[in-house]
Amino acid sequence: MTGVQTCALPIYNTSYAASLTVLPLAVTGVTFYPAAVMAGATAPFTIYLNGPAPAGASIALVSSNPSALQVAASAPVAAGANSVTVNATALSVPSQATASVTASYNASSAQGSVTINPIRLGGFLLSPNTVTGGTSVTGSVYLSSNAPTGGLNVTISSSNNSLVPVTSPVTVPAGAATATFSIPTLAVGSYTQITLTASYNGGSMAENLQLAPPLPFLQSVSFNPSTVSSGTQATGTVTLTTPPQVIGAIVSLTSTLGWLANVPLTVTVQPGATSVTFPVPIKTIPRSEEHTSELQSLRHL
């Protein structure tokens, strides 16, 4: 009820008048707290009234930017309450955005604004950073805030897709701020560095991945000829499964008849090679002896 009511009281032929102004229930303010939220987060706001609400009161709500801030069409107010708190939802935005909510009741209205910050890529990690080619790597992406409804897609790219093929994008599910994924790699013949890059919403982060060739293992040891006369010389050959890298491989040798065949204590297979040969002088003896030299271990790679 709106207006001025007048009441006159006659007292001894004299009357006095008093005025009473009745204001209608109205919206007096809308306040967001906090005043800034991340995309995907809840954006709570409070609507204030100038008096207690009657039973069944409902306040109409409108967002100025529905693509950035989602709000219900109306908010019921409990009977007798002077305010009501409502949760809006901040949606995914490419850059910082501002949105306001207008609350209306009984031809009155008030407006409040909130700032929505975009979700950014917060981190990108590979574990481990060095692997033998042909094994998998685990990648992890981190966001600055939880992903909104529907999740978010982070693009992953490789500087050498033939050696480290990646499946893009990686989806961070709704309500989560991180996602892990497996990255396959292919075998390489030498140490190779690959750069992987994660990108989202204009931001990117890179990680280097080192692919190593397979470790060399002992494949065989042989002598040519395999039968020799005393006082002559044989040639020994050590063969590895793959060529060593950078500094080569030092192989330890022992002989079952060291007093007869002069086998070196070590031989070195050079980087890029798979074998090395070495002389084996045989001492002169009065009768024939069979001599065997066995490869014992890799000392250094």
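Everything below is about the structure shown above.
Residues numbered from 1 in each chain as written. Predicted model: local features only at pLDDT ≥ 70, side-chain atom pairs only at ≥ 80, totals over all residues. Heavy atoms only, no water.

**Quick word on the sheet that holds strand β3 (residues 27-32)**
In spatial order, the strands read β3-β5-β9-β7; together these four strands make up an open sheet with antiparallel pairing. Sheet topology places β3 and β7 (69-70) at the edges, where each strand pairs with a single neighbour. Here seven bridges tie strand β5 (residues 42-49) to strand β9 (residues 83-90), and the two strands are oriented antiparallel to one another. Of the residues in β9, the one forming a bridge with Thr-42 is Thr-89. (Pairing = 2+ DSSP bridges. Helix = DSSP H or I, 4+ residues; strand = E, 2+ residues; numbered from the N terminus.)

**A word on unusual backbone geometry**
With an omega of 5°, the peptide bond between Tyr-33 and Pro-34 qualifies as cis. Take Pro-34: it is sitting in the loop between β3 and β4 (36-38). Even without a glycine there, the phi angle at Asn-106 is positive, about 55°. A residue is classified by how much of its surface remains accessible, and Asn-106, at 49% relative accessible area, is partly exposed. (Buried < 20%, exposed > 50% of the residue type's maximum accessible area, 1.4 Å probe, protein only.)

**Some thoughts on the packing of aromatic side chains**
Counted under the stated rule, the structure contains two aromatic pairs. With a centroid separation of 4.9 Å and an interplanar angle of 40°, the aromatic rings of Phe-32 and Phe-45 are classed as tilted. Of this pair, Phe-32 sits in strand β3 while Phe-45 sits in strand β5, placing them 13 residues apart in sequence. What makes Phe-32 buried here is its relative accessible area of 6%. Ring centres of Phe-223 and Phe-278 lie 6.3 Å apart, and the angle between their planes is 85°; on these two criteria the pair is classed as edge-to-face. (Phe/Tyr/Trp six-rings, centres within 6.5 Å; stacked < 30°, edge-to-face > 60°.)

**With respect to the pairing of strand β19 (residues 203-212)**
Pairing of strand β13 (residues 130-132) with β19, which is carried by three bridges, proceeds in the parallel orientation. Within the sheet, the bridge partner assigned to Thr-132 lies in β19 and is Ala-212. When strand β18 (residues 192-200) meets β19, the two strands line up antiparallel, connected through nine bridges. Each bridged residue has a counterpart across the sheet, and for Tyr-200 the counterpart in β19 is Gly-203. Where β18 hands over to β19, the hairpin turn is made up of two residues, of which Asn-201 adopts a positive phi near 50°.

**Some words on the pairing of strand β10 (residues 97-105)**
Here four bridges tie strand β6 (residues 58-63) to β10, and the two strands are oriented antiparallel to one another. Its bridge partner lying in β10, Ala-60 is registered against Ser-104. In terms of strand pairing, β10 meets strand β11 (residues 108-117) through nine bridges, oriented antiparallel. For Ala-103, the partnering residue across the bridge sits in β11 and is Ala-110. The hairpin turn running from β10 into β11, its antiparallel successor, is two residues long, and Asn-106 in that turn takes a positive phi close to 55°.

**Observations concerning the nonpolar core**
Nonpolar side chains in soluble globular proteins tend to be buried together. Core analysis: the largest hydrophobic core is formed by 60 residues, its most contacted members being Phe-45, Ile-47, Ile-59, Leu-61 and Val-141. For this core, the element with the highest residue contribution is β10, accounting for five residues. Sequence-distant contacts of Ile-47, that is, excluding residues within four places in its chain, are made with Val-27, Gly-29, Val-30, Ile-59, Leu-61, Asn-82, Ser-83, Val-84, Val-86 and Ala-103. Counting residues in hydrophobic clusters, the runner-up holds 18 residues, among them Ala-249, Leu-260, Val-269 and Val-276. (Core = buried A, V, L, I, M, F, W, Y, C linked by side-chain atoms within 4.5 Å. Contact = heavy atoms within 4.5 Å.)

**Quick notes on the sheet that holds strand β15 (residues 152-158)**
The mixed open sheet is built from five strands, whose spatial order is β13-β19-β18-β15-β16. Each edge of the open sheet carries a strand with a single partner, namely β13 and β16 (170-172). Strand-to-strand twist across the sheet, computed as the mean angle between neighbouring axes with direction ignored, equals 30°. (Axes fitted to C-alpha atoms, helices over the stretch in contact; angles between N-to-C directions.)

**With respect to a nonpolar patch on the surface**
A cluster of nonpolar residues, Tyr-191, Val-246 and Ile-247, forms a patch on the protein surface that exposes about 320 Å² of accessible area. Counting through the fold element by element, Ile-247 comes out in the loop between β21 (233-240) and β22 (249-255). (Patch = residues over 30% accessible without salt bridge, like charges linked within 9 Å, V, L, I, M, F, W, Y side chains within 5 Å. Areas by Shrake-Rupley, 256 points an atom, 1.4 Å probe, with all protein chains shown as cover. Salt bridge = Lys/Arg side-chain N within 4 Å of Asp/Glu carboxyl O.)

**Things to note about the environment of Thr-85**
Examined against the element boundaries, Thr-85 turns out to sit in strand β9. Placed 37 residues apart in sequence, Thr-85 and Tyr-48 show a C-alpha to C-alpha distance of 8.9 Å. Of note is the side chain of Thr-85, whose polar atom sits 3.0 Å from the side chain of Thr-46. (Polar contact = N/O pair within 3.5 Å; in protein donor to acceptor, adjacent residues only side chain to side chain.)

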